[in-house]
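Secondary and tertiary structure notes
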Amino acid sequence: MTDKAPAHEDAHAAHHAHSHGHEASHGSLKSYTTGFILSVILTAIPFWLVMGDVFDNKAVTGALVMIFGVIQIVVHMIYFLHMNTKSEGGWTAMALIFTIVIVVIALSGSLWVMHHLNANMMVMSPEMMKNMP
Amino acid sequence: MSASKTETAENPQFYLEEDHHPENSTNLGFWLYLMSDCLIFAILFATYAVVGRNYAAGPSPADLFDLPLVALNTAMLLFSSITYGFAMLQMERGAKAETLFWLGVTGVFGLAFLGIELYEFSHLLHEGAGPQRSAFLSAFFTLVGTHGLHVTFGIIWLVTLMVQVSKHGLIPENRRRLMCLSMFWHFLDVIWIGVFSVVYLMGVLG
């Protein structure tokens, strides 16, 4: 009994190392099916919210659409792209985090700067307006 | 003397490391490529978010977009994602014919997606809502067109790999290539989630 447990663990570790040697990560039928079903649900809900005019308040619908979109992206990352913090010694996760930081800066920065563009421009007199190119 | 000693000590270690993780480095490198592609799409999304409401007195998303068609398109891409997953599962089993079958099904769904998108584009152009009509439509065609172009190249890659697999079988090289295309294909589906949420659903919402 005491002999068996470490042997089993060794075999498990060997299998683990083996599977990681060939491909960095791969899923099972169960993980792909789970991801697919979750994606269908997470796609159907925002389409239903918009096409069925479920809420009168557009801000609420818009926020829900974005939240469901983000959740679905996470689902795809986990179940289809098999993201985890351990593959490639954590470097894929590191690259992903770096990219997310850049994307957030680019998106929010662009929107913020362009949204306040009018406020940040020099005040124009009608005289200047007339001579504008 | 000590310099030559360290040199000889370092060389074998260098070769050993090179030999050890050849496939892992491909996966990581391809992942880095996907992340850089992600930045391209982030910039196109940012452009769309900034100018997406400048209609130049032209049509707005609510006038143009046909949501049932977009839902059908989304379903095509989602189906192609799960069938590619099935192809990968068959590849791990070493079943060549089944792998080719599921890759073929994935290609058909990908072509259906492209066909619907091209139909939508031609419909828009026919209505006079081409990319030159307004800033909104320029940004729309650039963003959605870039995604469609990625899907097109993905399908070309898929057909190439189907030929490779049928010629040489599921050799390690082909497994590695199929793994890279798998990441590429699922990545395009992730981008499409952003496209249908931000462009189509938020656009029709107004």
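Starting from 1, residues in each chain are numbered consecutively following that chain's sequence as written. Lettering of chains starts at A and numbering of ligands starts at 1, both following the order in which they are written. Residues qualify for local features only when their pLDDT is at least 70, as the model is predicted, and side-chain atom pairs are given and counted only at 80 or more; totals for whole chains, interfaces and linings, by contrast, use all residues. Side-chain numbers here rest on the full set of heavy atoms in the structure, without hydrogens or water.

As recorded in an unreviewed UniProt entry, chain B goes by Cytochrome bo(3) ubiquinol oxidase subunit 3 and comes from Rhizobium soli. Of the comments in the UniProt record for chain B, the one headed Subunit (unreviewed entry) reads "Heterooctamer of two A chains, two B chains, two C chains and two D chains." UniProt positions are given in the numbering used here, feature names are shortened, and annotations may be inferred rather than shown by experiment. The annotation that UniProt attaches to chain B under Subcellular location (unreviewed entry) is "Cell membrane".

An unreviewed UniProt entry lists chain A under the name Cytochrome bo(3) ubiquinol oxidase subunit 4, from Rhizobium soli. According to the UniProt record, the Subcellular location (unreviewed entry) comment for chain A reads "Cell membrane".

On to the environment of W192(B), then. All names here are of chain B. Structurally, W192 is set in helix α7 (residues 172-205). On the basis of relative accessible area, W192 is assigned to the buried category, the value being 1%. Distance from W192 to H147, taken between C-alpha atoms, is 7.6 Å for residues 45 residues apart in sequence. Should any heavy atoms of two residues lie within 4.5 Å, those residues are considered in contact. Apart from the residues lying within four places of it in its own chain, the contact partners of W192 are V70, N73, T74, L77, F113, E117, V144, H147 and Y200. Here a polar contact means two N or O atoms within 3.5 Å. Within protein one must be a hydrogen donor candidate and the other an acceptor candidate, and residues neighboring in sequence count only if both atoms are side-chain atoms. A polar contact of 3.1 Å, which involves the side chain of W192, links it to the side chain of T74. Only DSSP runs of H or I covering at least 4 residues are called helices, and only runs of E covering at least 2 are called strands; the numbering of each starts at the N terminus. Here's how the labels work: a residue is buried when its accessible area is under 20% of the maximum for its type, exposed when over 50%, partly exposed in between, all with a 1.4 Å probe on protein chains only.

Turning next to empty space enclosed by the protein. All names here are of chain B. The rule is simple: put a 1 Å grid over the protein atoms alone, call a set of points where a 1.4 Å probe fits but cannot get out a cavity, call an open set with protein on both sides within 12 Å along at least five of seven lines a pocket, and count a residue as lining if it has an atom within 4 Å of a point. Grid points are joined across faces, edges and corners, and a volume is the space filled by probe spheres set on the points. Inspection of every chain in the model, using the stated rule, returns two cavities of 30 Å³ or more. By volume, the second largest cavity is sized at about 40 Å³. Considering the residues around the second largest cavity, the lining is formed by D66, L69, V70, N73, I116, E120, W192 and Y200. For the lining of the second largest cavity, the element with the most residues is helix α4 (residues 67-93), which contributes three residues. All residues other than Ala, Val, Leu, Ile, Met, Phe, Trp, Tyr, Cys, Pro, Asp, Glu, Lys and Arg, Gly among them, are scored as polar; the first ten of these are nonpolar and the last four charged. Broken down by class, the residue content of the lining of the second largest cavity amounts to five nonpolar, one polar and two charged.

Let us now look at the interface of chain A and chain B. Counting from both sides, the interface comprises 46 residues of chain A and, opposite them, 46 residues of chain B. In short, buried area is how much 1.4 Å probe accessible area vanishes from two parts on joining, totalled over both. In this assembly, chain A packs against chain B so that about 3900 Å² is buried in total across both faces, 81% of it on carbon and sulfur atoms. Three residues, Y32(A), F47(A) and L81(A), lead the burial of chain A against chain B; their summed loss comes to 16% of the area buried on that side. One speaks of a salt bridge when a side-chain nitrogen belonging to Lys or Arg is within 4 Å of a carboxyl oxygen belonging to Asp or Glu. At the surface where chain A touches chain B, the tally comes to zero salt bridges. Elements with a minimum of two residues in the side of chain A that touches chain B: α1 (4-22), α2 (29-51), α3 (58-79) and α4 (91-115) of chain A. Examining the composition of the side of chain A that touches chain B, we find that twelve residues originate from one element, α4(A), more than from any other. Among the residues forming the side of chain A that touches chain B, the class breakdown is 25 nonpolar, 18 polar and three charged.

On to the UniProt feature "transmembrane region" (unreviewed entry) in chain A. Residues and elements named next belong to chain A. UniProt's feature table lists "transmembrane region" (unreviewed entry) at residues 32-51, 63-81 and 93-114, given in the numbering used throughout. Strand forms 0% of residues 63-81 and helix 89%; the C-alpha atoms that close the span are 26 Å apart. This span, residues 93-114, is 100% helix and 0% strand, and a straight line between its end C-alpha atoms measures 31 Å.

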